[in-house]
Amino acid sequence: MNVLLFRFTFSQLIRLLALVLILETLVVYPGRILTAEEPTDIPIAKDLPKARSLSVAHQHYQRLHDSRIMLVRAREEHQLASEAEAIESHQQEAILAAVILVQRQAELDRDRYLKGEFFIEEQRLLDQIAMARNRLTQAVEKAAASERLANQGLLNQKELTVDEVSRERAQRELKNRQQALQVLREVTFQRRKILLEGAVQLAKQTVVESRGKKEAAIVQLRSQTKYQQQLLETWEERVRQLQQQWSKTGFQRIGEPVASTQRDIPFATPRGGMLVVQTMARPGTKVSRGDTLATFKPQGLEETVAVQKLKYQQAVSEVDRTDRERTLQQDRFERSITAARITAKTSKLSIGEYRVGTYEDQRQTIVLALQKVTEERDRAVQQLAWSRRVRQKGYVTPAQVQKDEYLVFDRNSVRSSLVRELAVLEQQDYVHQLEMLQKRYEEAVVQVDRVTAIGAARSRQSGITFTAAQDICELEKQYLALLSSQLAGYSIQAPCNGTVRYLPVPGPLAKVNKVMKPGTVVSGNVRFAILRKD
């Protein structure tokens, strides 16, 4: 041993002594060397109280608080998406039912024209052509008779000209009626047929598109609901993890009394951001176990509390707004239900109104007109029979007989037209109209159920939004209370009896270390005091 000590030179002994002094300084006076930029996870002294950084704790709880709010939002969005799927389904069903009614109406309109209106119009023109041909025949016979009389000198040229003009007028009338029939068959009928067939095809395409849109909307909403479910589970897991971490740490008090085997116990400021010194024990003061050495408060905490108060006030306002919206939604729900029920009642009344009202009026109008024409036809037939009898005796002219024949033909034509109109009304229009009215009534009844379901879902949505606003408001209130409770600051307490001595610490901008005092802004994680045990 003596040989080993003898081998050290004087310079080596000096270096060894310096190393021992440096190690002693690190253990007894750590505050002189350690700065805020050094790692915060390495304890310098064995009995140094494990203090948690206030700023880091606030940041950790802020993340937990924000995650809780996001969880509330995610739960709200998931529930809203679930209700939106039901709402969209009922709305798409209503749209699909409406376009199906439009398609059926287009088909009935097409059948009514092709089998009713066109048939009646065609028969009317055929009757007019027959009447025009009858007039032409009479006009030709009269003109020929007049020409024979004129050749015998029994009729002057003026009277002959009148008969020839009547014949030409009858020819033009017959030609015009024939052209009208040709236009009806080749132009009007084809144009109306194309339009009506196009309306039917368009309605069918609209039905197909509506079915596709309904399926696409449901698939999209289901995908959105699934995504919201995954997002909800993600936030639930995140909140669970943060809650577990926070339950192990929380806002721990600094410098709780602990057993110590060192005589000199160093203390450091809380790790993290800038701190404001609130109170300090006098240097050299004799303290007992549990006495407060110093209290700190994170810098800017008042501003944070003020901002949180604004957030809480906004949350309270949001609760009031969603509560009013919930009330308004309930009023809208009741109004929509009332309107749907009124529509269903009026649709049912429309069936009876058409059956005993509109239809009977139309039918009675045609029946009365038919009775009138029948009576006129019968009188015309009697008049024609009388004219033919007296014509044989020479009391009436052939022209008078022809006039009576034309009147009988005209009354028969009008009567035939009315009979066809009555048949179309009874066999086609009445059935089609009742079918559409019945379908509209059935749809109105179903629509009452749809509106009820939609209104209930929207009421649940407004309730979900209101509940979420209440939950967020409660979270903001709890966070505000927690922040407000931190305004009193954190205290460092003596773990045993002893004498306190303060060390110079660096300020936020000062280049020279100074002993801190109340009101001083200091950095976190610096040694500021030593407690020498008695």
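Residues numbered from 1 in each chain as written. Predicted model: local features only at pLDDT ≥ 70, side-chain atom pairs only at ≥ 80, totals over all residues. Heavy atoms only, no water.

Q: Can you help me understand the pairing of strand β10 (residues 527–533) in this one?
A: One face of the sheet, then the other: side chains in a regular strand alternate in exactly this way. The buried fraction of β10 is high, at five of seven residues. Judged from the five bridges that link them, strand β1 (residues 264–268) and β10 form a sheet pairing that is antiparallel. Note that in β10 the partner of A268 across the bridge is R527. Judged from the five bridges that link them, strand β6 (residues 498–502) and β10 form a sheet pairing that is antiparallel. Its bridge partner being in β10, G498 is matched across the sheet by K533. (Buried < 20%, exposed > 50% of the residue type's maximum accessible area, 1.4 Å probe, protein only. Helix = DSSP H or I, 4+ residues; strand = E, 2+ residues; numbered from the N terminus. Pairing = 2+ DSSP bridges.)

Q: I'm lost on the packing of aromatic side chains in this one. Help?
A: Both the distance between ring centres and the angle between the ring planes are used here to describe each pair of aromatic rings. Applying the stated rule across the entire model yields nine aromatic pairs. Measuring from ring centre to ring centre gives 6.1 Å for Y354 and Y430, while their planes differ by 20°; the resulting arrangement is stacked. Here the residue Y354 occupies a position in helix α5 (residues 301–392), and Y430 occupies one in helix α6 (residues 398–485), the gap between them amounting to 76 residues. Pair check on accessibility: Y354 and Y430 agree, each one buried. Among the aromatic residues, those joined into a cluster by ring pairs are Y113, F118 and F189. A cation over a ring is seen here: R326 above F466, with NZ or CZ 4.0 Å from the ring centre. (Phe/Tyr/Trp six-rings, centres within 6.5 Å; stacked < 30°, edge-to-face > 60°. Lys NZ or Arg CZ within 6 Å of the ring centre and 35° of its normal.)

Q: Help me understand the sheet that holds β6, please; the structure alone is not making it clear to me.
A: Hydrogen bonds between backbone groups are what pair the strands of a sheet, and the pairing can be parallel or antiparallel. Taken together, the four strands give an open sheet; going across it, the order is β1-β10-β6-β3, and neighbouring strands pair in antiparallel fashion. Each edge of the open sheet is held by one strand with a lone partner, namely β1 and β3 (286–287).

None of this, on its own, says anything about what the molecule does.
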